[in-house]
Amino acid sequence: NYSGYRLDININPTKSNWYFDAGLRQREADNNSRYQRLDLQAGYRYKINNGWIQPSFKVRQDITSYDNGNRLTVDFYSTKTSYYYNLSNNWALAGSGMFSIEKKEDLKKGLTTNTDYLSWEFEPGIRYFITPKINTTLAYYQSGKHANKQNDFDTREIQRNQQVRL
């Protein structure tokens, strides 16, 4: 169980294609670990016939602290492209793709381990409008990350995740 707050804000200045996002989360788990996330994002939406495409850049930091003094810090530097294209009155293509560099610092018992990741997320989808204000999206989500551990290029870490989302 987690308890804590989450604050997110999205700013789109009037008559502008710029979008700015900021978020802050803090949680405490039953095991007394404390989690904090801070993220900032800026993107520009290019309007095209029947839709748009929006490249953006995001910076995020996650910190998990434990009562025993251990700490896990992950810094994310991401580029993301979202898109939306109207196919008809009831159907649209909607999705996103993202590449990130993650810098992980794991402090345990006074020793620090650093790992750098290249990560990715792709989520192409199709959206059905039940009414103009109610819709559902079917998407195929795929994510993963690849890392070389420390300075040893012979030791690799690869993680993958696939989901169908509705």
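Below, the structure is looked at part by part. (Residues numbered from 1 in each chain as written. Predicted model: local features only at pLDDT ≥ 70, side-chain atom pairs only at ≥ 80, totals over all residues. Heavy atoms only, no water.)

1. Some remarks on the overall build of the protein chain
Moving on, step 1. The secondary structure content of the protein chain amounts to 0 helices and 10 strands.
Moving on, step 2. Along the protein chain, helices and strands appear, N-terminal first, in the series β-β-β-β-β-β-β-β-β-β.
Moving on, step 3. Along the three orthogonal principal directions, the C-alpha set of the protein chain runs to about 60 × 40 × 30 Å.
Moving on, step 4. Pairs at least 24 residues apart make up 41% of the contacts formed inside the protein chain by residues separated by at least 6 positions. (Helix = DSSP H or I, 4+ residues; strand = E, 2+ residues; numbered from the N terminus. Contact = heavy atoms within 4.5 Å.)

2. Quick look at the pattern of salt bridges
Moving on, step 1. Under the defined criterion, the tally for this structure stands at 9 salt bridges.
Moving on, step 2. Linking D116 and K103 is a salt bridge whose minimum nitrogen-to-oxygen distance equals 3.1 Å. Here K103 lies in strand β7 (residues 91-108) and D116 lies in strand β8 (residues 111-131), a separation of 13 residues in the sequence.
Moving on, step 3. Of the residues examined, D116 reaches a relative accessible area of 42% and is grouped as partly exposed.
Moving on, step 4. The partner of E123 in a salt bridge is R165, and the shortest N-O contact between them spans 3.4 Å. (Salt bridge = Lys/Arg side-chain N within 4 Å of Asp/Glu carboxyl O. Buried < 20%, exposed > 50% of the residue type's maximum accessible area, 1.4 Å probe, protein only.)

3. Notes on the environment of S16
Moving on, step 1. With respect to the element layout, S16 can be found in the loop between β1 (2-11) and β2 (18-29).
Moving on, step 2. Between the C-alpha atoms of S16 and E102, which are 86 residues apart in sequence, the distance is 31 Å.

4. Describing the environment of P13
Moving on, step 1. Mapped onto the fold, P13 is located in the loop between β1 and β2.
Moving on, step 2. Counting along the chain gives 77 residues from P13 to N90, while the straight-line C-alpha distance between them is 29 Å.
Moving on, step 3. Other than its neighbours up to four places away in sequence, P13 contacts W18 and F20.

Read these as layout, nothing more, since geometry by itself doesn't imply function.
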